[in-house]
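# Examining the three-dimensional arrangement
The chain contents come next:
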Amino acid sequence: NSQISPKLLNPMCGRINCSFSSEQVESLAESVTGRPCKLSLNHEYKPQPNACPGSKLACVTQSGLYLKHWGLIPSYHSKGTVSGGDFFKIFNARLETLDHRSTFSQLLQTKRCVIFINGYFEWVDKQPYFVTRKDEGPMLLAGLHETWRSGSGRQNLVESFVIVTESSDKIE
């Protein structure tokens, strides 16, 4: 419920609800970009009512609408495979420190993206609260995206993103 005092909210986003159909995501993307957007890998898209880092979500980038893993794998990461729980750990980036951290500062100019969600979950005293807009419309989150290559060829590319968060005292 969005009636929680913003002062109680943690500025980190660890679980989100993205229950839009692929058609709704395409329509939202078109409203942001001003041009028709078709979801790349549409057959792989699934609504995510309880998405966590590692989940594939739709992201609007400068070049289109894509499915990407939530949790940034920097392009400079050691080559290898993406398996186990060691990946997708960078799932939030604080707005206040973006330009001071080399992982994010390199992405700020050309690797911005938008993520559409219905709401997110916050925990206060071990109790989850579902936070939405007052009008329950879609929330648009800012993000940064990256492509990580584990070897040669397109099958070895992993598309990922990080959500940009802001201090909760700035939430209205």
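Being a predicted model, the structure only gives us computed values, none of them experimental.

### What to know about the pairing of strand β4 (residues 64-70)
In terms of residue burial, β4 counts as a mostly covered element, since six of its seven residues are buried. One ladder, built from six bridges, connects strand β3 (residues 56-61) with β4; its direction is antiparallel. Across the sheet, T61 pairs through a bridge with G64, a residue of β4. Once β3 ends, the chain turns through two residues before running back antiparallel as β4. Taken together, the two bridges between β4 and strand β10 (residues 157-165) define a ladder with parallel strand orientation. Within the sheet, the bridge partner assigned to W70 lies in β10 and is F161.

### Remarks on helix α1 (residues 22-33)
Here α1 contains twelve residues, and its C-alpha end-to-end distance of 16 Å stays within 8% of the 16 Å for a straight helix at 1.5 Å per residue. Among the residues making up α1, those that are buried are S22, V25, E26, L28 and A29. All buried residues of α1 project into a common sector of 165° when viewed along the axis, lining one side. With respect to the buried face of α1, the exposed residues turned more than 90 degrees away are E23 and S31.

### Structural notes on the confidence of the model for the protein
Detailed reading of predicted coordinates is not advised where the pLDDT is low. Looking at the protein as a whole, its pLDDT mean stands at 83, while 80% of the residues score no less than 70. Predicted confidence in the protein is weakest over helix α2 (residues 102-105), with a mean pLDDT of 86, and strongest over strand β6 (residues 112-117), with 96.

### Observations concerning unusual backbone geometry
If a residue is not glycine, its phi is most likely negative; likewise, a peptide bond is most likely trans. Look at K126: it is not a glycine, yet its phi comes out positive at around 65°. Even without a glycine there, the phi angle at E136 is positive, about 60°. In this fold, E136 is placed in the loop between β8 (127-131) and β9 (139-149). When its relative accessible area of 63% is taken as the criterion, E136 is described as exposed.

### Notes on the state of the cysteines
Cysteine pairs can be linked by a disulfide, which is a covalent bond between their two sulfur atoms. Taken as a whole, this structure holds zero disulfides when the rule is applied. Considering cysteine sulfurs only, C59 is the nearest to C113, which forms no disulfide, with 4.4 Å between them.

About the cut-offs
- Residues numbered from 1 in each chain as written.
- Predicted model: local features only at pLDDT ≥ 70, side-chain atom pairs only at ≥ 80, totals over all residues.
- Heavy atoms only, no water.
- Buried < 20%, exposed > 50% of the residue type's maximum accessible area, 1.4 Å probe, protein only.
- Helix = DSSP H or I, 4+ residues; strand = E, 2+ residues; numbered from the N terminus.
- Pairing = 2+ DSSP bridges.
- Expected span 1.5 Å × (residues − 1).
- Arc of directions from axis to C-beta.
- pLDDT = per-residue confidence, 0-100.
- Disulfide = S-S within 2.5 Å.

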